[in-house]
Amino acid sequence: MSLFDRLVLASLPLVPKAVIWTVAKRYVAGAELSDALDRIRAVRAEGFGSILDVLGEGVADLAAAEGAVAEYERAMDALPDVDAGTTVSVKPTHLGAMLDADACERLLGRLCERAAEQGRRVRFEMEDAPTIDVTLDVFRRVRERHDNVGCVLQARLFRTAADVTALLRDVDGLDVRLVKGIYLEPPDIAWTEDADISRSYVELAQQLVEGGAFVGFATHDDAVADRCVALAERAGLVTGPADARRYEFQLLMGVRKREAERLRDAGHAVRIYVPYGRDWHAYTQRRLQANPEIARHVIRAFFRRG
Ligand SMILES: Cc1cc2nc3c(=O)[nH]c(=O)nc-3n(C[C@H](O)[C@H](O)[C@H](O)COP(=O)(O)OP(=O)(O)OC[C@H]3O[C@@H](n4cnc5c(N)ncnc54)[C@H](O)[C@@H]3O)c2cc1C
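Residues numbered from 1 in each chain as written. Predicted model: local features only at pLDDT ≥ 70, side-chain atom pairs only at ≥ 80, totals over all residues. Heavy atoms only, no water.

A.B. asks: Looking at this structure, how should I read the nonpolar core?
C.D. replies: A general feature of soluble globular proteins is that nonpolar side chains tend to end up buried together. Among the nonpolar cores identified, the biggest contains 78 residues, and Leu95, Leu108, Phe124, Leu153, Phe217 and Phe249 are the most heavily contacted of them. Excluding residues within four positions of it along the chain, leucine 108 makes contact with Val90, Leu95, Val122, Phe124, Val138, Val142 and Val149. The next biggest cluster of nonpolar side chains, apart from the first, holds 16 residues, and it includes Val15, Ala24, Val255 and Tyr273. (Core = buried A, V, L, I, M, F, W, Y, C linked by side-chain atoms within 4.5 Å. Buried < 20%, exposed > 50% of the residue type's maximum accessible area, 1.4 Å probe, protein only. Contact = heavy atoms within 4.5 Å.)

A.B. asks: Please explain the site of the ligand as it appears in this structure.
C.D. replies: The full set close to the ligand counts 25 residues, and Met126, Lys180, Gly181, Thr219 and His220 are the nearest of them. In this structure, a nitrogen atom belonging to the ligand sits 2.8 Å away from a main-chain N or O atom of methionine 126. A distance of 2.7 Å is found between an oxygen atom of the ligand and a side-chain nitrogen or oxygen belonging to threonine 219. Mapped by element, the contributors of at least two residues to the shell around the ligand are helix H2 (17-27), strand E4 (149-154), strand E5 (175-179) and strand E7 (247-252). Of the residues contributing to the shell around the ligand, the split by class is 12 nonpolar, six polar and seven charged. Of the domains in this structure, domain 1 (1-28 + 280-306) and domain 2 (30-276) are the two that each give at least three residues to the shell around the ligand. (Near = heavy atom within 4 Å. Polar contact = N/O pair within 3.5 Å; in protein donor to acceptor, adjacent residues only side chain to side chain. Helix = DSSP H or I, 4+ residues; strand = E, 2+ residues; numbered from the N terminus. Nonpolar A, V, L, I, M, F, W, Y, C, P; charged D, E, K, R; others polar. Domains from an automatic or database assignment.)

A.B. asks: Explain the side chain of arginine 271 here, please?
C.D. replies: Secondary-structure assignment places arginine 271 in strand E8 (residues 270-276). When its relative accessible area of 16% is taken as the criterion, arginine 271 is described as buried. A distance of 3.0 Å separates the side chain of arginine 271 from the backbone oxygen of serine 50, its partner in a polar contact. Here the side chain of arginine 271 touches glycine 85 through a polar contact of 3.1 Å, landing on its backbone oxygen. Ignoring anything within four residues of it in the chain, the contact list for arginine 271 reads Gly49, Ser50, Ile51, Gly85, Thr86, Thr87, Glu248, Phe249, Gln250 and Leu251.

A.B. asks: Would you mind showing me how to read the pattern of salt bridges here?
C.D. replies: Note on pairing: side chains with opposite charge can pair once their charged atoms come close. Applying the stated criterion to the full structure yields 29 salt bridges. Notably, a salt bridge pairs glutamate 66 with arginine 106, separated by 2.9 Å at the nearest N-O pair. Here arginine 106 lies in helix H5 (residues 101-117) and glutamate 66 lies in helix H4 (residues 62-78), a separation of 40 residues in the sequence. Overall, glutamate 66 belongs to the partly exposed group, its relative accessible area being 28%. Notably, a salt bridge pairs arginine 145 with glutamate 105, separated by 3.0 Å at the nearest N-O pair. Here glutamate 105 lies in helix H5 and arginine 145 lies in helix H6 (residues 132-145), a separation of 40 residues in the sequence. Residue class for glutamate 105 comes out buried when judged on its relative accessible area of 15%. If you follow the salt bridges from partner to partner, you end up with Asp102, Glu105, Asp137, Arg141 and Arg145 in one network. (Salt bridge = Lys/Arg side-chain N within 4 Å of Asp/Glu carboxyl O.)

A.B. asks: Hey, could you run me through the packing of helix H7 (residues 160-170) against helix H8 (residues 194-210) in this one?
C.D. replies: The packing of two helices is summarised by the inter-axis angle and the distance between the axes. Orientation of H7 relative to H8, taken along the N-to-C sense of each, is 5°, at an axis distance of 10 Å. As the angle between them shows, H7 and H8 are arranged roughly parallel. Touching Thr160, Ala161, Val164, Thr165 and Leu168 of H7 are Leu204, Gln207 and Leu208, all from H8. In terms of residue class, the contact of H7 with H8 is built from five nonpolar, three polar and no charged. (Axes fitted to C-alpha atoms, helices over the stretch in contact; angles between N-to-C directions. Parallel < 35°, antiparallel > 145°, perpendicular 65-115°, else oblique.)

A.B. asks: Please explain the packing of aromatic side chains as it appears in this structure.
C.D. replies: To describe a pair of aromatic rings, one takes the distance between the centres and the angle between the planes. By the definition in use, this model includes five aromatic pairs. Ring geometry for phenylalanine 158 versus tryptophan 191: centroids 4.7 Å apart, planes at 85°, classification edge-to-face. Of this pair, phenylalanine 158 sits in the loop between E4 and H7 while tryptophan 191 is found in the loop between E5 and H8, placing the two residues 33 residues apart along the sequence. With a centroid separation of 6.2 Å and an interplanar angle of 80°, the aromatic rings of tyrosine 247 and phenylalanine 249 are classed as edge-to-face. Judged on exposure class, the residue tyrosine 247 and its partner phenylalanine 249 are both buried. Each member of the aromatic cluster is reached from another via a ring pair, and the members are Phe217, Tyr247 and Phe249. Cation over ring: lysine 17 sits above tryptophan 280, and NZ or CZ is 5.7 Å from the ring centre. Residue placement shows arginine 199 over the ring face of tryptophan 191; its charged tip is 5.3 Å from the ring centre. (Phe/Tyr/Trp six-rings, centres within 6.5 Å; stacked < 30°, edge-to-face > 60°. Lys NZ or Arg CZ within 6 Å of the ring centre and 35° of its normal.)

Here's what the structure looks like:
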């Protein structure tokens, strides 16, 4: 990353919320559940599945984590009228993973139970490196009781191949969302060059496909996506109705829509991640940190106003 980009990213916290919102609109359905439901309807009309996320992370206390679960329950109760197949995705630290792992396990279990009543799946996301052990531990414990929960693994981390091996060994019917990893981790634990991260992604995709897991290929990188399609074809998975296969593609709302359309038009199942909630500001800051090019537009918009 250039020095200029670093400066741009460092100044983001100074940009007023109203300016950030002009960009956030692209990545976030809105502050309210009704905004997310509208977006899910629109996504569905275009032939995509959806993933609902209530924005939030790093709660300060367990009351806030309970509040997050209550909001997910409210959202799930509204979903059958909109799209019965929508899955939900939740961050470990939104459920208090770093405050109390047992409480987090109980809350994730509660979400899985409500989701199971509706035939829905839950995805336990992955955050930065210090949270990984507790996340996988909570996931494994909840997965023993609920088979409708999946996890997320990050290709940039050196440890992930070993995590895949252990999870394939221990979890029957493993369901993994594979991502490059949004958190910029230090070079002693993670690859930092794009080429290495992409290579790792494809290797892990192969390990998961050959190991019999369900894989959500969550990437906007068309070269990587094409390699995943080739893997799925080689494994004989590209057959029958797209939504009954052992893989799907997952993309973020507002990011590379043409890539989502390309995959959909080629006959693959594609889900779009639809986040909503009052906590949109922190989420957008993270998206911008991941993409200095857009951050530059925000900073320019800010100074044009001033
Ligand atoms: C559905 C979904 C869920 C995710 N969940 C997690 C998670 O739980 N934990 C985690 O660590 N990461 C998660 N991520 C983020 C992921 O780790 C990557 O940071 C992100 O997807 C970018 O990597 P990429 O594979 O798309 O490849 P990249 O090489 O980063 O991107 C490919 C192209 O897509 C475009 N692009 C990618 N991201 C953006 C963006 N944010 N804004 C604008 N353009 C962009 C760029 O133009 C780039 O050229 C998730 C991603 C998706 C799609």
